[in-house]
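# Geometric and topological summary
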Amino acid sequence: MSKPPLPITIATFNTGKLREYRSMLSGLNVDLQDLSDFNNVQEIAETAATFAGNAALKASGYAELTRTLTLADDSGLEVAAMGGRPGVLSARYGGAATSFDDKMRLILAEIAENRSADRSARFVCEIAVADERGIILYKSRGVCSGTIALEPRGKGGFGYDPIFLPDGLDQSFGELSPSVKQRISHRAAAFDQIIPYLRDYTAI
Ligand code: IMP
């Protein structure tokens with residue numbers, strides 16, 4: 001007899017991120033939920049100084065609250081000409097309520113102000129998976145290197161996608177098809193390392 005699908009909580013309220021995880025997990029025997037599927041889950045503050053620290057904080061915390069196997073990530077954009085910022089503060093750069101159009105404009109303005117010829121940048125993603133008791137089972141890190149475009153390009157994806165040109169391609173993350181982004185992204189790189197463990201969990 002085959003096993004019932006394994007419930008996994010993706011610890012996010014970000015629909016763009018959730019869409020990417022749904023697609024990456026589509027080959028596994030899982031029953032995917034996100035935090036909006038739980039009534040009384042309070043948001044856990046991302047108080048760690050590193051992506052890895054925040055991923056672990058969220059995975060354990062939300063696993064304890066939901067009593068489910070929980071996958072959490074923390075990700076963001078590191079811009080060389082800005083000394084690696086916005087980094088862990090990517091979602092809050094320029095203020096949490098500021099739109100991404102404005103956040104991107106701020107980044108382009110800051111690079112221009114620094115008069116730096118170096119437009120290199122990278123997206124980083126750290127993933128942590130915790131069991132139902134909140135104990136961390138697996139961790140992984142994925143990086144996607146590229147450069148910051150001169151202006152936003154494309155309307156696809158989410159967040160900073162329109163200003164990020166991944167190395168080796170002429171299109172921004174905002175112009176690429178979702179399937180291409182999902183093959184080369186920082187999240188995919190981190191997620192690929194977790195798949196064998198999830199396969200063990202969900203094996204028929
Ligand atoms: P997190 O939800 O704390 O991981 O926030 C990460 C922030 O980094 C998001 O709000 C986005 O602004 C940015 N970010 C992370 N991954 C991506 C991506 O794939 N494309 C565009 N922006 C991203």
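Our subject is the structure that appears above.
Bear in mind the structure is a predicted one, so any value in this text is a computation, not a measurement. Once a new chain begins, its residue numbering starts again from 1 and follows that chain's sequence as written. Local features in this predicted model are restricted to residues whose pLDDT is 70 or higher, and side-chain atom pairs enter the listing and the counts only when it is 80 or higher, whereas totals over whole chains, interfaces and linings include all residues. Computation of side-chain values covers all heavy atoms of the structure but excludes hydrogens and water.

### What to know about the side chain of S60
- Its place among the elements puts S60 in helix α2 (residues 51-66).
- Remark: exposure states derive from per-residue accessible area (1.4 Å probe, protein chains only) relative to the maximum for the residue type, with buried under 20%, exposed over 50%, and partly exposed in between. According to the relative accessible area criterion, S60 is buried, its value standing at 18%. Strands here are runs of E lasting at least two residues and helices are runs of H or I lasting at least four, both read from the DSSP assignment and numbered beginning at the N terminus.

### Some remarks on the environment of R153
- When you line up the elements, R153 lands in the loop between β5 (136-148) and β6 (164-166).
- For R153, a relative accessible area of 28% corresponds to the partly exposed category.
- In sequence terms R153 and D74 are 79 residues apart; their C-alpha atoms lie 24 Å from each other.
- Beyond its immediate sequence surroundings of up to four residues, R153 is in contact with P162, L165, D170, Q171, S172, G174 and E175.
- The definition of a polar contact used here is a pair of N or O atoms within 3.5 Å, where within protein one atom must be able to donate a hydrogen and the other to accept one, and adjacent residues in sequence count solely through side-chain atom pairs. Among the polar contacts listed, one links the side chain of R153 to the side chain of E175, at a separation of 3.1 Å. Should any heavy atoms of two residues lie within 4.5 Å, those residues are considered in contact.

### Thoughts on the pairing of strand β3 (residues 69-79)
- In terms of burial, β3 is largely enclosed, as 11 of its 11 residues are buried.
- What you see with β3 is no split at all: L69, L71, D73, S75, L77 and V79 on one side and T70, A72, D74, G76 and E78 on the other are buried throughout.
- At least two DSSP bridges between two strands are needed for those strands to be called paired. Two strands pair when backbone bridges link them, and strand β1 (residues 6-10) and β3 are joined in this way by three bridges, in the parallel orientation. Across the sheet, residue I10 finds its bridge partner in β3, namely L71.
- Inspection of the sheet shows β3 paired to strand β4 (residues 120-130) by 10 bridges, in the antiparallel sense. Each residue of the ladder has a partner; that of A72, found in β4, is A128.

### A few points about the pattern of salt bridges
- When a carboxyl oxygen of Asp or Glu is within 4 Å of a side-chain nitrogen of Lys or Arg, the pair counts as a salt bridge. Counted under the stated rule, the structure contains 13 salt bridges.
- Here K58 makes a salt bridge to D74, at a shortest N to O gap of 3.9 Å. With K58 in helix α2 and D74 in strand β3, the pair connects residues that are 16 residues apart, well separated along the chain. Per residue, the accessibility class of K58 equals that of D74, and both read buried.

### A word on the pairing of strand β2 (residues 30-34)
- Burial runs high along β2: four of the five residues are buried.
- Here five bridges tie β1 to β2, and the two strands are oriented parallel to one another. Following the sheet pairing, I10 is matched in β2 by D34.
- A right-handed crossover is one whose linking path, passing over the helix from the first strand to the second, runs clockwise when the strands point away from the viewer. Once you follow β1 into helix α1 (residues 15-24) and on to β2, the crossover reads as right-handed.

### Concerning the packing of aromatic side chains
- Note on aromatic pairs: the rings of Phe, Tyr and Trp (six-membered ring only in Trp) are paired at centre separations within 6.5 Å, and the planes decide the class, stacked below 30 degrees, edge-to-face beyond 60, tilted for the rest. With the rule as written, the count across this model stands at six aromatic pairs.
- For the ring pair F123 and F173, a centre distance of 5.7 Å and an interplane angle of 5° mean the geometry is stacked. In this pair, F123 sits in strand β4 while F173 sits in the loop between β6 and α4 (178-184), placing the two residues 50 residues apart along the sequence. Across this residue pair, the class does not change: F123 and F173 are buried.
- These aromatic residues form a ring-pair network of at least three members: F123, F164 and F173.
- Throughout this description, the term charge over a ring refers to an Arg CZ or Lys NZ atom that lies within 6 Å of the ring centre and within 35 degrees of the ring normal. Sitting above the plane of the F100 ring, K103 keeps its charged end 5.4 Å from the centroid.

### Some remarks on the site of the ligand
- Residues are labelled near a given molecule or strand when at least one of their non-hydrogen atoms is within 4 Å of it. In the vicinity of the ligand, 17 residues are found, and the nearest of them are K17, S75, D161, K181 and R187.
- In this structure, an oxygen atom belonging to the ligand sits 2.9 Å away from a main-chain N or O atom of S75.
- In the model, a nitrogen atom of the ligand is placed 3.1 Å from a nitrogen or oxygen of the Y160 main chain.
- Considered on its own, the ligand offers 480 Å² of accessible surface; in the complex 93% of this is hidden by protein.
- Those elements that place two or more of their residues in the shell around the ligand are β3 and α5 (186-202).
- The element best represented in the shell around the ligand is β3, accounting for four residues. To be clear on the numbers: accessible area is Shrake-Rupley with a 1.4 Å probe, and residue cover counts the displayed protein chains and nothing else.

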